[in-house]
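So the chains spell out like this:
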Amino acid sequence: MGLVKKKAAPELAPDLAPVLAPAATGARPNVLAALEDADAAVRRDAAHALGHASLPGAEAALAHRLQSEGDAGVREAILTALARIATPDAAAALIPFLDREDAALRNAALESLQQMPAEVAAPALLPLLDHADADLRIFAVQGLGSLAHPGRADWLAGVMERDADVNVCLAAVEALAEAGSPEALSSLETLARRFPGDAFVAFAVDAARSSFLGG
């Protein structure tokens, strides 16, 4: 799924206009109902249309369809639409999919969150740092690490200093190294002290330290 870039005045593709037209005339349920059509092409066009329009309930309708959608093209259209809508409701609608057994869907949902503005995606991801499931905490770390947000380094440093799961901490080290956050050097040293006998931690900390110091 390609990156979604917000435009000041996005134009509808010609093939989406017929799907969106009923909504423009006030019959809002029609375009939302099209998400449940038996024809995958109709569902895909409806998802595209909702991504270009500000319709109340669009986020919930798209997320509901995504729960059972089996067509890859429709899935992609729904995820792209949610990323384009980029409201707090759209971000919140994607969070449950990070806990699905379908790895492709989990990764695509995270990618959609990462495409949203940092101020929208971060509030949805931050609560996952305290989740009991370490895998979800890793997803949160990966998502937050990709956001250009002034709080990113502090959030990830907190993970390294407090999270009990070494794999979550290593994910935070990787995210910080990729983001280039030398202000987290002291947290790296804290992590090394927390897991003194772990070779993977030692290697990750050394690599991150070197990248921050230009070594």
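Residues numbered from 1 in each chain as written. Predicted model: local features only at pLDDT ≥ 70, side-chain atom pairs only at ≥ 80, totals over all residues. Heavy atoms only, no water.

## Re the packing of helix H7 (residues 103–115) against helix H9 (residues 134–145)
(1) Moving on: In contact at an axis separation of 9 Å, H7 and H9 are set at 35 degrees when each is read in the N-to-C sense. As for the relative orientation of H7 and H9, their crossing is right-handed in sense. Here H7 contributes Arg106, Asn107, Leu110 and Gln114 to the contact with H9, which in turn contributes Phe139, Gln142 and Gly143. (Axes fitted to C-alpha atoms, helices over the stretch in contact; angles between N-to-C directions. Helix = DSSP H or I, 4+ residues; strand = E, 2+ residues; numbered from the N terminus. Left-handed = near helix turned anticlockwise from the far one by under 90°. Contact = heavy atoms within 4.5 Å.)

## Concerning the pattern of salt bridges
(1) Moving on: The tally for this structure, following the rule as stated, stands at seven salt bridges.
(2) Moving on: We note a salt bridge from Arg137 to Asp163, for which the minimum N-O separation is 2.7 Å. One end of the pair, Arg137, is in helix H9; the other, Asp163, is in the loop between helix H10 (152–162) and helix H11 (166–179), and 26 residues separate them in sequence.
(3) Moving on: On the accessibility criterion, Asp163 (9% relative accessible area) is buried.
(4) Moving on: Note that Asp206 is salt-bridged to Arg209, the shortest N-O span being 2.6 Å. Taken as a pair, Asp206 and Arg209 lie in helix H13 (residues 199–213) at a separation of three residues, close to a single helical turn. (Salt bridge = Lys/Arg side-chain N within 4 Å of Asp/Glu carboxyl O. Buried < 20%, exposed > 50% of the residue type's maximum accessible area, 1.4 Å probe, protein only.)

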